[in-house]
Amino acid sequence: ICREDSFSLPMLDRAQRMVVRDQNHPCVIGWSLGNEAGYGANHAMMYNWIKTYDSSRFVQYEGSNRPIWGQLPHVYDRVDSFTDV
């Protein structure tokens, strides 16, 4: 799904609705693209839209082959694999 063009607009729509809906909630400190759903161009499109719309918060995606977007440590990293957080 994350690599299929036919899902790009529905995935982007989901991200846009989430951000617009929740942007003024003081407890929202970052945005999530999902969890462990592979990684593809649709995730990159969602990330780019979110960072353009709201550059004040981090964007998180937890997948085995996700890019590094300044979100360290990886949720499943071993504690001894990082020193500064």
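Predicted model, so just to flag it, every value in this text is computed and none were measured. (Residues numbered from 1 in each chain as written. Predicted model: local features only at pLDDT ≥ 70, side-chain atom pairs only at ≥ 80, totals over all residues. Heavy atoms only, no water.)

*Asks:* Looking at this structure, how should I read helix H2 (residues 41-53)?
*Replies:* Here H2 spans 18 Å end to end across 13 residues, near enough to the 18 Å set by a 1.5 Å rise per residue. Here the buried face of H2 lies against helix H1 (8-22), strand S1 (30-35) and strand S2 (58-62). (Helix = DSSP H or I, 4+ residues; strand = E, 2+ residues; numbered from the N terminus. Expected span 1.5 Å × (residues − 1). Contact = heavy atoms within 4.5 Å.)

*Asks:* Just to check I follow, could you spell out the layout of surface pockets for this structure?
*Replies:* Over the atoms, a rolled probe matching the size of one water molecule traces out where space is still vacant. Of the voids in this model, the largest pocket is the one considered here, and its volume is about 160 Å³. Elements represented by at least two residues in the lining of the largest pocket include exactly H1 and S1. (1 Å grid on protein atoms, 1.4 Å probe; cavity = no way out; pocket = protein on both sides within 12 Å on 5 of 7 lines; lining within 4 Å. Points joined across faces, edges and corners; volume = space filled by probe spheres on them.)

*Asks:* Looking at this structure, how should I read the pairing of S2?
*Replies:* Regular strands have side chains that alternate between both faces of the sheet. Across the five residues that make up S2, a large majority, four, are buried. Relative to S2, S1 runs parallel, the two sharing four bridges. Bridging across to S2, Gly 30 finds its partner in Phe 58. Taking the sense of rotation as the criterion, the β-α-β connection linking S1, H2 and S2 turns out right-handed. (Buried < 20%, exposed > 50% of the residue type's maximum accessible area, 1.4 Å probe, protein only. Pairing = 2+ DSSP bridges. Right-handed = clockwise from strand over helix to strand, strands pointing away.)

*Asks:* Can you walk me through the pattern of salt bridges in this structure?
*Replies:* Side chains that differ in charge, positive against negative, can pair when their charged atoms come close. Tallied over the entire structure, the rule returns three salt bridges. Salt-bridge contacts for Asp 13 lead to Arg 17; the nearest nitrogen and oxygen are separated by 2.9 Å. Here the residue Asp 13 and the residue Arg 17 both occupy positions in helix H1, the gap between them amounting to four residues, near one helical turn. Look at Asp 13 and you get partly exposed, because its relative accessible area is 35%. Where Asp 22 meets Arg 21, a salt bridge forms, and the shortest distance between an N and an O atom there is 2.7 Å. (Salt bridge = Lys/Arg side-chain N within 4 Å of Asp/Glu carboxyl O.)

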